[in-house]
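# Coordinate analysis (summary)
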Amino acid sequence: MDQTNDSAPSRRQMMGGVTAGAAMAVASNALAQGTTQGAQPTSPLPLAVPRDPRDEYPRPPFARQTQAAPGLAGQMNPRPDHGETSYRGTGRLAGRKALITGGDSGIGRAAAIAYAREGADVAIGYLPQEQSDADEVLEIIRQAGRKAVALPGDIRDEAFCNQMVETAVREMGGLDILVNNAGKQQAQKSITDITTEQFDATFKTNVYAPFWITRAAVPHLKPGAAIIITASEQAYDPSAILFDYAQTKACGVSFAKSLSKQLAEKGIRVNAVAPGPYWTALQPSGGALPEALEQFGAKTSLGRPGQPVEIAPVYVLLASQESSFTTGQVFGASGGGGFP
Ligand code: NAD
Ligand code: MG
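These notes cover the structure that comes with them. (Residues numbered from 1 in each chain as written. Chains lettered and ligands numbered in written order. Predicted model: local features only at pLDDT ≥ 70, side-chain atom pairs only at ≥ 80, totals over all residues. Heavy atoms only, no water.)

## Digging into the overall build of the protein chain
Let me state the cut-off plainly: Secondary structure elements follow DSSP: runs of H or I of four or more residues count as helices, runs of E of two or more count as strands, with numbering from the N terminus. Exposed residues in this analysis have more than 50% of their type's maximum accessible area, buried residues have under 20%, and partly exposed residues fall in between, with area computed by a 1.4 Å probe over protein chains only. Note on contacts: a residue pair is in contact if any heavy atoms of the two residues lie within 4.5 Å. Accessible surface area values rest on a Shrake-Rupley calculation with a 1.4 Å probe, where residue burial reflects the displayed protein chains alone.
The number of helices and strands found in the protein chain is nine helices and seven strands. Taken over 340 residues, the protein chain has a buried fraction of 55%. Considering only intrachain contacts with a sequence separation of at least 6, the fraction spanning at least 24 residues in the protein chain is 79%. Surface summary for the protein chain: the accessible area is close to 14300 Å², and the carbon and sulfur share equals 55%.

## Looking at the nonpolar core
What tends to happen in soluble globular proteins is that the nonpolar side chains get buried as a cluster. Heads up, the rule is: Nonpolar core, defined: a set of buried Ala, Val, Leu, Ile, Met, Phe, Trp, Tyr and Cys residues in which side-chain atoms within 4.5 Å join the residues together.
L99, I155, I213 and I227 are the most contacted members of the largest nonpolar core, which has 38 residues in total. Considering each element in turn, this core owes the most residues, seven residues, to helix α4 (residues 158-172). With near-sequence residues (within four places) excluded, I227 lies in contact with L178, N180, T214, V218, L221, F255, L259, L263, I268, R269, V270 and N271. Among the nonpolar cores identified, the runner-up in size contains 34 residues, and I100, Y115, V316 and A319 belong to it.

## With respect to the coordination of the magnesium ion (ligand 2)
Each donor-metal-donor angle in an ideal tetrahedron of four donors is 109.5 degrees, and each such angle in an ideal octahedron of six donors is either 90 or 180 degrees. Defined as follows: Keep in mind that water is not among the atoms, so a site may look incomplete; donors are the N, O and S atoms within 2.8 Å of the metal, or 3.2 Å for Na, K and Ca.
Looking at the magnesium ion (ligand 2), one finds its protein donor set to be D104 (OD), S105 (OG) and E130 (OE), positioned 2.1 to 2.2 Å from the metal centre. All donors of the magnesium ion (ligand 2) come from a single chain, and their spacing in sequence reads D-S-x24-E. Each member of the pair D104 and S105 is classed as buried.

## A word on unusual backbone geometry
Residue P61 follows P60 across a cis peptide bond; omega there is 10°. Looking at the element boundaries, P61 is found in the loop between α1 (3-32) and β1 (97-101). In this chain, A69 is followed by P70 through a cis amide linkage whose omega measures 10°. Here P70 lies in the loop between α1 and β1.

## Considerations on the packing of aromatic side chains
Using the following cut-off: Aromatic pairing here means that ring centres of Phe, Tyr or Trp (its six-membered ring) are within 6.5 Å. Orientation follows from the plane angle: under 30 degrees is stacked, over 60 is edge-to-face, and everything else is tilted. Both a distance and an angle decide whether a charge sits over a ring: NZ of Lys or CZ of Arg must be within 6 Å of the ring centre and within 35 degrees of the ring normal.
All told, the structure shown has four aromatic pairs when counted by the stated rule. Following the ring pairs from residue to residue traces out a cluster consisting of F62, W279 and F296. Looking at K204, its charged tip hangs above the ring of Y208, at a distance of 5.4 Å from the centre.

## Focus on the sheet that holds strand β3 (residues 148-152)
Going by this rule: In short, DSSP must find at least two bridges between two strands for them to pair. With axes taken as lines fitted to C-alpha atoms, and helix axes fitted only over the stretch in contact, angles between N-to-C directions fall between 0 and 180 degrees.
Pairing is parallel in the open sheet, where seven strands are placed in the order β3-β2-β1-β4-β5-β6-β7. Where the open sheet ends on each side, the last strands, each with one partner, are β3 and β7 (330-333). Neighbour-to-neighbour, the strand axes of the sheet open up by a mean angle of 15°, direction not taken into account. Against the sheet, helix α2 (residues 106-117) contacts β1, β2 (121-126), β4 (177-180), β5 (226-230) and β6 (269-275), and its axis sits at roughly 170° relative to β1. Each of β2 and β3 is contacted by helix α3 (residues 131-143), which is oriented at about 175° to β2, the strand it contacts most.

## Here's the deal with the pattern of salt bridges
How we decide: When a carboxyl oxygen of Asp or Glu is within 4 Å of a side-chain nitrogen of Lys or Arg, the pair counts as a salt bridge.
Considering all chains together, one arrives at 16 salt bridges under this definition. One salt bridge in this structure joins R54 and D52, with 2.5 Å as the shortest N-O distance. Ionic pairing is found between E136 and R109, a salt bridge with its closest N-O pair at 3.1 Å. Linking E136 in helix α3 with R109 in helix α2, this pair joins segments that are 27 residues apart in sequence. Overall, the relative accessible area of 31% leaves E136 in the partly exposed class. Look at the salt bridges and you will find they share partners, linking R79, E84, R109, D133 and E136 into a network.

## Concerning the site of ligand 1
The condition that has to hold: For this purpose, a residue is taken to be near a molecule or strand whenever a single non-hydrogen atom of the residue falls within 4 Å of it. Polar contacts here mean pairs of N or O atoms no more than 3.5 Å apart (in protein, one a potential hydrogen donor and the other a potential acceptor; neighbouring residues in sequence count only if both atoms are side-chain atoms).
Close to ligand 1 lie 30 residues, the nearest being S105, E130, N181, Y245 and T280. D104 is positioned with one of its side-chain polar atoms (N or O) 2.7 Å from an oxygen atom of ligand 1. Measuring from an oxygen atom of ligand 1, one finds a backbone N or O atom of N181 at 2.7 Å. Considered on its own, ligand 1 offers 800 Å² of accessible surface; in the complex 96% of this is hidden by protein.

## Focus on the pairing of β1
Which entries qualify depends on this criterion: Convention used here: a crossover is right-handed provided that the path from the first strand, over the helix, to the second strand proceeds clockwise when the strands point away from the viewer.
Burial of β1 is extensive: five of the five residues sit out of reach of the surface. With burial as the criterion, each face of β1 is covered, one bearing K97, L99 and T101 and the other bearing A98 and I100. Regarding topology, α2 serves as the crossover connection from β1 to the parallel β2, and that connection is right-handed. The pairing of β1 with β4 spans three bridges and is parallel. In the strand pairing of β4, A98 is matched with I177.

## Focus on helix α6 (residues 243-263)
As a reminder, the rule being used: To estimate the expected span of a helix, subtract one from its residue number and multiply by 1.5 Å.
Its 21 residues give α6 an end-to-end C-alpha distance of 31 Å, which sits within 8% of 30 Å, the value for a rise of 1.5 Å per residue. Along α6, the positions that sit buried rather than exposed are D244, Y245, A246, T248, K249, G252, V253, F255, A256, L259, S260 and L263. If you follow the buried residues of α6, they end up packed against β4, α5 (196-217), β5, β6 and β7.

Here's what the structure looks like:
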């Protein structure tokens, strides 16, 4: 089955659903989000007007830029769009409690903003050196009238993973949604350039940590809970320069497919998201080669990278009760490629 062709219409339908939902709910939503009005767009119905997806966000070439890993969204040029001024909730996650790793920036930040505006309390994990990015997200969650929990620390450490889950559960009074999203990606031209330290750190971050975090979280999850892991199109169409990273993302697909079978009897759904190229701090901080970053996203069908806000609705859908028959699936949002 060509999942690329399959995923495109389903995403359009979903975005259409968001649009219709936004149109119907805008009046009550504006009231419900009274505390977030300062962060709302001036346009009354931003999703109601069809726009050409090729022109909606920045296209390459991008300015050459590098940062030390893990990188900051606040230092990117242009700054990514995580939905700060555009994402509108419609109550799809009202009262839920979500833990999102890597929620300070990029795809995780977009999911955190969307979840909060959909009515969820949100705990975000991140590295201590990302505090400035995290502070922006925590403030947006609070502005949405939801509880924000900061969980700085290194998920390559098993003890921290356990503690992070326990703190999230204690601070929020439970857990309904777990998003294993944090990730490490360092491009190398040759396998001979990949040190054992890099290989180990990539697997610790992308494979071990989701195992440790999920193992700690499962005893707290009740029927109706959802687990999401951020995989990648790299699981199916690995780049030559991402030898170690691509293998970890194949693990992410297997994680969702195996665990969904195991946890079905507890009423817990498990799914994966497989993004294509997104404009996030991961890329200028070693995920992409600097010269390639200037043309980042040019090879997609739409000719540009995705912005994190464009994938947030996938995370909302997979977390919400609306997708109650969806488990063990991999959702792509890659601008046109990636799947087998
Ligand atoms: P990002 O850099 O904004 O987010 C990744 C986050 O991972 C960081 O913010 C950091 O907080 C967290 N992280 C990394 N190492 C950590 C550690 N040791 N301890 C704690 N937290 C740590 O970049 P992003 O692109 O939004 O990445 C989010 C996910 O999306 C990753 O799993 C990535 O592999 C995946 N992904 C990204 C792309 C893309 O093109 N940007 C494509 C496919 C998949
Ligand atoms: Mg970050």
